[in-house]
Amino acid sequence: MTTVAPAATATPTASTPAERRSAELEQQLTRDPARFRVLTGDRPTGRLHLGHYFGTLRNRVRLQDLGVDVFVLIADFQVLTDRDTAERLQEYTDGLLLDYLALGIDPARSTVFNHSAVPALNQLLLPFLSLVSVAELGRNPTVKDEIAHSRQSSVSGLMYTYPAHQAADILFCKGNVVPVGQDQLPHIELTRTIARRFNERYGQVFPEPDALLSAAPLLLGTDGGKMSKSRANSVPLSATADETARLIKGATTDADRHITYDPERRPGVSSLVLLAALCLDRDPHEVAAEIGAGGSAALKRTVTEAVNAHLAPVRARRAAYAADLTYVRSVLREGNERANAIADRTLEEVREAMGTFR
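Residues numbered from 1 in each chain as written. Predicted model: local features only at pLDDT ≥ 70, side-chain atom pairs only at ≥ 80, totals over all residues. Heavy atoms only, no water.

*Asks:* A description of the overall build of the chain should follow, citing residues and the corresponding values.
*Replies:* Scanning the chain from terminus to terminus reveals 14 helices and five strands. At 21 Å, the chain has a C-alpha radius of gyration in line with the 21 Å of a compact globule built from 358 residues. The 358 residues of the chain split such that 53% are buried. Long-range contacts, defined here as pairs at least 24 residues apart, represent 76% of the contacts in the chain between residues at least 6 apart. (Helix = DSSP H or I, 4+ residues; strand = E, 2+ residues; numbered from the N terminus. Rg over C-alpha atoms; globule rule 2.2 N^0.38 Å. Buried < 20%, exposed > 50% of the residue type's maximum accessible area, 1.4 Å probe, protein only. Contact = heavy atoms within 4.5 Å.)

*Asks:* Please give an account of the packing of aromatic side chains that cites residues and values.
*Replies:* For the coordinates displayed, the defined rule picks out eight aromatic pairs. It is R58 that lies over the ring of Y53; its NZ or CZ is 5.6 Å from the centre. (Phe/Tyr/Trp six-rings, centres within 6.5 Å; stacked < 30°, edge-to-face > 60°. Lys NZ or Arg CZ within 6 Å of the ring centre and 35° of its normal.)

*Asks:* Please set out the pairing of strand 2 (residues 69-74) residue by residue, giving values where relevant.
*Replies:* The buried count for strand 2 comes to six of six residues, which makes it a mostly enclosed element. As paired elements, strand 1 (residues 37-42) and strand 2 share six bridges and run parallel to each other. When the sheet's bridge partners are listed, T40 is paired in strand 2 with V72. With respect to chirality, the unit in which strand 1 leads through helix 2 (residues 50-66) into the neighbouring parallel strand 2 is right-handed. Relative to strand 3 (residues 110-114), strand 2 is paired through five bridges, and the arrangement is parallel. When the sheet's bridge partners are listed, V70 is paired in strand 3 with S110. (Pairing = 2+ DSSP bridges. Right-handed = clockwise from strand over helix to strand, strands pointing away.)

*Asks:* Requested: an account of the pattern of salt bridges, with residues and values cited.
*Replies:* A full pass over the atoms with the stated rule returns 22 salt bridges. The shortest N-O distance in the salt bridge between R60 and D42 comes to 2.8 Å. Here the residue R60 occupies a position in helix 2, and D42 occupies one in strand 1, the gap between them amounting to 18 residues. We classify R60 as buried; its relative accessible area is 3%. Its relative accessible area of 8% is what places D42 among the buried residues. (Salt bridge = Lys/Arg side-chain N within 4 Å of Asp/Glu carboxyl O.)

*Asks:* Give me helix 1 (residues 17-31): which residues, what numbers.
*Replies:* Taking 1.5 Å per residue as the helical rise, helix 1 with its 15 residues ought to reach 21 Å, and the 21 Å between its terminal C-alpha atoms agrees with that figure. E19, S22, L25, E26, Q28 and L29 are the residues of helix 1 that are buried. Lining the buried residues of helix 1 we find helix 2, strand 4 (177-180) and strand 5 (210-213). (Expected span 1.5 Å × (residues − 1).)

*Asks:* Which residues make up the pairing of strand 3, and what values go with them?
*Replies:* Where burial is concerned, most of strand 3 is hidden: five out of the five residues are buried. Of the two faces of strand 3, the one carrying S110, V112 and N114 and the one carrying T111 and F113 are both buried.

*Asks:* Before we move on, can you summarise a nonpolar patch on the surface with the specific residues and values?
*Replies:* Side chains of F77, L80 and L158 sit close together on the surface and give an oily, nonpolar patch of about 250 Å² of accessible area. Topologically, L80 is positioned in the loop between strand 2 and helix 3 (89-103). (Patch = residues over 30% accessible without salt bridge, like charges linked within 9 Å, V, L, I, M, F, W, Y side chains within 5 Å. Areas by Shrake-Rupley, 256 points an atom, 1.4 Å probe, with all protein chains shown as cover.)

*Asks:* Could you give an account of the environment of G157, naming the residues involved and the relevant values?
*Replies:* Positionally, G157 belongs in helix 8 (residues 157-171). Sequence separation between G157 and D324 is 167 residues; the distance between their C-alpha atoms is 39 Å.

*Asks:* Run through helix 12 (residues 284-291), naming residues and quoting values.
*Replies:* Every buried residue belonging to helix 12 is among P284, V287, A288 and I291, and all of these are buried. Projected down its long axis, helix 12 shows its buried positions confined to an angular sector of 95°, all on one face. Pointing more than 90 degrees away from the buried face of helix 12 are the exposed residues A289 and E290. Looking at the buried positions of helix 12, the neighbouring elements they touch are helix 11 (267-280) and helix 13 (295-322). One side-chain oxygen of the residue at the start of helix 12 lies 2.7 Å from the amide nitrogen of H285, identifying that residue as D283. Once helix 12 finishes, G292 follows within two positions and takes phi at roughly 50°, a positive value. (Arc of directions from axis to C-beta. Polar contact = N/O pair within 3.5 Å; in protein donor to acceptor, adjacent residues only side chain to side chain.)

*Asks:* For empty space enclosed by the protein, give the residues involved together with the corresponding values.
*Replies:* Rolled over the atoms, a probe sized like a water molecule indicates the empty space that remains. Per the counting criterion, the structure on display carries one cavity of 30 Å³ or more. Lining of the largest cavity is provided by 15 residues; of these, L220, G221, T222, S271 and L272 occupy positions nearest its centre. No other element matches helix 11, which puts four residues into the lining of the largest cavity. Here the residues of the lining of the largest cavity are counted per class, giving nine nonpolar, six polar and no charged. (1 Å grid on protein atoms, 1.4 Å probe; cavity = no way out; pocket = protein on both sides within 12 Å on 5 of 7 lines; lining within 4 Å. Points joined across faces, edges and corners; volume = space filled by probe spheres on them. Nonpolar A, V, L, I, M, F, W, Y, C, P; charged D, E, K, R; others polar.)

*Asks:* Tell me what's going on with unusual backbone geometry, and back it up with residues and numbers.
*Replies:* Even without glycine at this site, K174 takes up a positive phi of about 60°. By secondary structure assignment, the location of K174 is in the loop between helix 8 and strand 4. Although it is not a glycine, D281 sits at a positive phi angle of roughly 60°. If you trace the backbone, D281 turns up in the loop between helix 11 and helix 12. By relative accessible area, which is 64% here, D281 ends up exposed.

Without other data, these values stay purely geometric and don't point to any function.
Structure representation (structure tokens):
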């Protein structure tokens, strides 16, 4: 990627069917946003970071501001697949809410809710599991990745239901667009499969949702690997200016003093250059050229200043919301009420279609 990623999510060069469909969706979202309902969200397993911000969070606000009906899920039930976070659910849930509000999610226009508060959503898991095979669940790339990075000697059966549960997340509200990266396409395809099989067996109830592919930039973690909440290599959005400076100072670079933007040959350096460029809304090649022979010290200083300046208003809003957690938690409570009303209606349709007892 050689230029700063645009706010839009459509892939710049649409060469695959998924990319072409995503580009079409982007145009339709702009022309008629009221036709669409988006489902997106996060697991409360740690602090959101700069990768989340440039990868998904800004785009949620953009879609909301276009007039799309946006549902943001705090996937607390999915935390049960993790090992060391269940006892910190309230802390992490509050943190997600604070980040969402500080970044511009508007409760009047978007619905923030959590799994555990919407029973009807979770009841969809049983009929959905009956529509997919164990093999289809087991070969899902996300399931494989979660198992590979598990810190347990074995994983629970719940891990294998993850793709079907995600389908329930999307379909309970009849979401028809899901913003994802390329690696999440198998999830969307399985959701489409579940919706199609249900409709074929019981009658038309669910839409087959489309993927809105992200053109978000790839930001590496401070260790040069994938930026992740669980790998202690990220710069959290809730970090202070001093903490941000310390984390960026420890980021991996290389031995070449002259700074260039070359993601293939110099991934660590280029990721830092790109981060500065995104915060400054500039081309990364220009940013690299300005730093030039200044070396990694000058690069990290530029990045730190750019990140702290860009996030300063976000941090100020976050601090203001943090002083009123009663209001913050009321946002989730009201979102849960709306999600419950929608989930109850959907479950009633499902029961009617299946002819089950009510």
